[in-house]
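Here is how the chains run, residue by residue.
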Amino acid sequence: MAGTARGCARVRTWAAPRRVRGDYLGVDVNVAARVADAASGGELLVSGELLERIDTSAFKVKRKRRFKAKGAPKGLDVYELG
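Residues numbered from 1 in each chain as written. Predicted model: local features only at pLDDT ≥ 70, side-chain atom pairs only at ≥ 80, totals over all residues. Heavy atoms only, no water.

## Notes on the overall build of the protein
Thinking step 1. Looking only at helices and strands, the protein has 2 helices and 7 strands in total.
Thinking step 2. For the protein, the succession of helices and strands along the chain, N to C, is β-β-β-β-α-β-α-β-β.
Thinking step 3. Taken over 82 residues, the protein has a buried fraction of 27%.
Thinking step 4. Long-range pairs, those at least 24 residues apart, make up 63% of the contacts in the protein between residues at least 6 apart in sequence. (Helix = DSSP H or I, 4+ residues; strand = E, 2+ residues; numbered from the N terminus. Buried < 20%, exposed > 50% of the residue type's maximum accessible area, 1.4 Å probe, protein only. Contact = heavy atoms within 4.5 Å.)

So, in structure tokens, the structure goes:
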């Protein structure tokens, strides 16, 4: 899961999203939105699971400490890529 101040992308599915009249609903959609909301201007936030899947050699990786968001699973690690 990645979040930016301009949008987000879902990478992992905690619960299958449902499509309702052109919108997607579900836990993973909610969590992606919370990660995106936590990003400030120009900041790129990613989950620990996504971090394990990408080549981070071109980025400075910093753990976002104390990431807490309503609806986010406990233990969700979030990192800033710079």
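There is more to say after this.
## Topic: the nonpolar core
One recurring pattern in soluble globular proteins is that nonpolar side chains are buried together.
Thinking step 1. In this structure, Val31, Val35, Ala39, Leu45, Phe67, Ala72, Leu76 and Val78 together form the largest nonpolar core, which totals 8 residues.
Thinking step 2. Counting 5 residues, the second largest nonpolar core, distinct from the first, contains Val46, Leu50, Leu51 and Leu81. (Core = buried A, V, L, I, M, F, W, Y, C linked by side-chain atoms within 4.5 Å.)

## Section: the confidence of the model for the protein
Thinking step 1. Mean pLDDT over the protein: 78, with 80% of residues reaching 70 or higher.
Thinking step 2. Looking over the protein, one finds the lowest element-wise mean pLDDT in strand S2 (residues 7-9), namely 51, and the highest in strand S6 (residues 61-63), namely 93. (pLDDT = per-residue confidence, 0-100.)

## Regarding unusual backbone geometry
Thinking step 1. With phi around 45°, Arg21 is a residue other than glycine that occupies positive phi space.
Thinking step 2. Here Arg21 is to be found in the loop between strand S3 (18-20) and strand S4 (23-25).
Thinking step 3. Using a relative accessible area of 82% as the deciding quantity, one classes Arg21 as exposed.

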